[in-house]
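Each chain, letter by letter, is given below.
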Amino acid sequence: MHDIKAIRQNPSTYDKAWARRGLDPQTKAILDKDILVRQALKVQQEAESARNTASKQIGMAMREGNKAEAECLKTEVAGAKNVIAAMGVQIEAEKSVLNELLAGLPNLPSDSVPDGVDEDENVDLRIWGEPTKFDFKPKAHDDLGAALGMMDFETAAKMSGSRFVVLSGKLARVDRALAALMLDIQTEENGYTECVPPVLVRAPTLYGTGQLPKFEEDLFKTTGDHYLIPTAEVSLTNIVRESIIDADKLPIRMTAHTPCFRSEAGSAGQDTKGMIRQHQFNKVELVSIVKPEDSEAEHIRMLSCAEEILKRLELPYKVIELCTGDLGFGARKTYDIEVWLPSQNCYREISSVSNCGDFQARRMNARYKHAEKDNRFVHTLNGSGLAVGRTLVAILENYQNEDGSITVPKALVPYMSGVEVIS
RNA sequence: GGAGGGGUGGCAGAGUGGUUGAAUGCACCGGUCUUGAAAACCGGCGUGCACGGAAGUGUACCGGGGGUUCGAAUCCCUCCCCCUCCGCCA
């Protein structure tokens, strides 16, 4: 939720920032509603004050046995109550419109984010390694996996439809090994605390991180009141919801390996082949809760934590900074890491690391004790460290041999019980 | 799934219709005393919102929402959560 007081004070800052994301001016509509709400609120509060005063007088009159005066006061109260109720209806209606406006508006991009309308204007920051060279024509991961007999989309489709896969044998093991490797690095070297959070959450939780109310169609919902998480960012970030954290507890760094579920509404026709875009995939997620002044440095740090995995696996990658037009709803600044995929002859997203500033913290009401009587909103950051499924894809493609076997990256061998080649 | 008991300020814990935003204790902050500290004593000590330059004033909040009433922490409905016992179960 955006800070309505800040918008009142500085509407042009907001409109300018939103304009960078391609939005029309919003603050006029917001402030018009805000004025109406406050005017009605004032009238209501005055009526409440009158009611409270009269009620107390009724109590006194009754005690003194002055029935006539009590009755007279009761009509006064009844009048006030009419005003209160009328204003209440009006306030509720206007507030819900106002909240809908505020809740539906994305975070403001950080000043440092490059302008741009879409992903074509994202900025390359650096390239690590070199695109893998082959002296044969490299195959796509799904062809490799199918040939190995360890990646079966048809069987998955029989039970679940499209965008699912059954991994088996050594490839299933790679999925587990990757998760273990990632978790070990993030917990033992980078200071993240391993968590096993719920993957089913309620609506207010998703509201907190910004998936709701605007992006419900991207989520799977149960027949009850739960949604499946699209990323562990949701569960991990909401760990601090509705709390006031002692300053000396910050930063809080958490990681979790969970399945993620995405309906992929609107992505029909994209990446229909292979494991790149599935309804279900595993991911090791990183979340940091920090003081506002620390979030920029934490963002850089988190990015390097994610990069570290690719370095260990010796997978070539590229780091890009998203332009304003490609920024996610809750992010004020985002770095993406893209891994080299030989079969597509390009880099594809494998991690996204975002600083959300206080955007999610406001929605979750997550604060920290800044000083006596001064609680401030924390900053939240999240990043993939990494998407396990896509890392498996990258390994298959970059480590393939001409005979269709896969060399296991050195760093992964210990996690594979010593297996060095998958064939 | 069945039966019962609870959710009150940072914590503990009173409070079952009327000046209660809420006793008391602990914690915390300021002060007195002390060489210093402790103890003792005195004072202070919730949050959101609105109005105001500020001091402050008003209002709402005792798990969430709704209702009864002139008036609700207190009565009613509903939802959520926690606990105990029974049943079932990875």
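Quantities reported herein were computed from a predicted structural model and do not represent experimental measurements. (Residues numbered from 1 in each chain as written. Chains lettered and ligands numbered in written order. Predicted model: local features only at pLDDT ≥ 70, side-chain atom pairs only at ≥ 80, totals over all residues. Heavy atoms only, no water.)

Asker: I'd love a proper account of helix H2 (residues 11-20), names of residues and values included.
Answerer: Buried within H2 we find Tyr14, Asp15, Ala17 and Trp18. The buried residues of H2 occupy an angular sector of 165° when projected down its axis, which confines them to one face. In the segment just after H2, Gly22 is the residue with positive phi, at about 85°. (Buried < 20%, exposed > 50% of the residue type's maximum accessible area, 1.4 Å probe, protein only. Helix = DSSP H or I, 4+ residues; strand = E, 2+ residues; numbered from the N terminus. Arc of directions from axis to C-beta.)

Asker: Outline the side chain of Asn382, listing residues and values.
Answerer: With respect to the helices and strands, Asn382 occurs in strand E15 (residues 379-387). Engagement of the side chain of Asn382 in a polar contact is seen with the side chain of Glu233, the distance being 3.3 Å. Not counting residues up to four positions away in its chain, the partners in contact with Asn382 are Glu233, Glu285, Leu286, Val287, Met302, Ser352, Val353, Ser354, Cys356 and Gln360. (Polar contact = N/O pair within 3.5 Å; in protein donor to acceptor, adjacent residues only side chain to side chain. Contact = heavy atoms within 4.5 Å.)

Asker: An account of the packing of aromatic side chains is requested, with residue identities and associated values reported.
Answerer: As enumerated under the stated definition, the model contains six aromatic pairs in all. With 5.3 Å between their ring centres and 75° between their planes, Phe215 and Phe329 make a pair best called edge-to-face. Here the residue Phe215 occupies a position in the loop between helix H8 (203-209) and strand E6 (226-228), and Phe329 occupies one in the loop between strand E10 (317-321) and strand E11 (333-341), the gap between them amounting to 114 residues. On the basis of relative accessible area, Phe215 is assigned to the partly exposed category, the value being 26%. Members of the aromatic cluster, each reached through a chain of ring pairs, are Phe215, Phe329 and Phe359. The ring centre of Tyr227 lies 5.1 Å from the NZ or CZ of Lys221, which sits over that ring. Above the ring of Tyr207, the side-chain terminus of Arg363 is found at 4.5 Å from the ring centroid. (Phe/Tyr/Trp six-rings, centres within 6.5 Å; stacked < 30°, edge-to-face > 60°. Lys NZ or Arg CZ within 6 Å of the ring centre and 35° of its normal.)

Asker: A description of unusual backbone geometry should follow, citing residues and the corresponding values.
Answerer: Geometrically, the link from Leu250 to Pro251 is a cis peptide bond, its omega value of 0° lying close to zero. With respect to the element layout, Pro251 can be found in the loop between strand E7 (243-246) and strand E8 (252-261). The peptide bond linking Gly385 to Leu386 adopts the cis configuration, its omega dihedral lying at 10°. Checked against the element boundaries, Leu386 lands in strand E15. Even without being a glycine, Asn345 presents a positive backbone phi close to 55°. Mapped onto the elements of the fold, Asn345 is located in the loop between E11 and strand E12 (346-355). According to the relative accessible area criterion, Asn345 is exposed, its value standing at 58%. At Asn365, a residue that is not glycine, the phi angle is positive and equals roughly 55°. Its location among the elements puts Asn365 in the loop between helix H11 (359-364) and strand E13 (366-371).

Asker: Talk me through the sheet that holds E11; I want residue IDs and the actual numbers.
Answerer: In spatial order, the strands read E1-E10-E11-E12-E15-E9-E8-E4; together these eight strands make up an open sheet with mixed pairing. Each having just a single partner strand, strand E1 (123-128) and strand E4 (193-195) make up the two edges of the open sheet. Within this sheet the neighbouring strands show an average axis-to-axis angle of 25°, counted without direction. Note that E12 and E15 share three bridges and pair antiparallel. The residue of E15 that forms the bridge with Val353 is Gly383. Relative to the sheet, helix H7 (residues 169-189) contacts E4, E8, strand E9 (280-290) and E15, its axis offset from that of E8 by approximately 165°. (Pairing = 2+ DSSP bridges. Axes fitted to C-alpha atoms, helices over the stretch in contact; angles between N-to-C directions.)

Asker: I'd like to hear about the side chain of Thr324, residue by residue, with values.
Answerer: Along the polypeptide, Thr324 turns up in the loop between E10 and E11. A distance of 3.1 Å separates the side chain of Thr324 from the backbone nitrogen of Gly116, its partner in a polar contact. Contact partners of Thr324, with chain neighbours within four places excluded, come to Arg20, Arg21, Pro109, Val113, Pro114, Asp115 and Gly116.

Asker: Quick one: what's the story with the pattern of salt bridges, residue by residue and with numbers?
Answerer: Going through the model one piece at a time under the given rule, you end up with 21 salt bridges. Between Asp115 and Arg20 there is a salt bridge whose closest N-O contact spans 2.8 Å. With Asp115 in the loop between helix H4 (67-103) and E1 and Arg20 in helix H2, this pair connects stretches of sequence that are 95 residues apart. Two residues, Lys318 and Asp124, come together in a salt bridge whose shortest N-O distance is 3.5 Å. Of this pair, Lys318 sits in strand E10 while Asp124 sits in strand E1, placing them 194 residues apart in sequence. Ionic contacts of the salt-bridge type, sharing partners, join the residues Glu264, Asp271, Arg277 and Arg348 into one network. (Salt bridge = Lys/Arg side-chain N within 4 Å of Asp/Glu carboxyl O.)

Asker: Explain H4 to me, using residue names and the numbers behind them.
Answerer: Side chains of residues three or four places apart in an α-helix project in the same direction, reflecting 3.6 residues per turn. Taking 1.5 Å per residue as the helical rise, H4 with its 37 residues ought to reach 54 Å, and the 51 Å between its terminal C-alpha atoms agrees with that figure. Regarding H4, the residues found buried are Ala70, Leu73, Val77, Ala80, Ile84, Met87, Ile91, Glu94, Leu98, Leu102 and Ala103. (Expected span 1.5 Å × (residues − 1).)

Asker: Let's hear about the packing of H7 against helix H12 (residues 388-398): which residues, and what values?
Answerer: With their axes 10 Å apart at the nearest point, H7 and H12 run at an angle of 115° to one another. Read as a crossing pair, H7 and H12 show a hand that is right-handed. Taken together, the residues of H12 that come into contact with H7 (itself represented by Leu171, Val174, Asp175, Leu178, Ala179 and Met182) are Val388, Thr391, Leu392, Ile395 and Leu396. In terms of residue class, the contact of H7 with H12 is made up of nine nonpolar, one polar and one charged. (Left-handed = near helix turned anticlockwise from the far one by under 90°. Nonpolar A, V, L, I, M, F, W, Y, C, P; charged D, E, K, R; others polar.)

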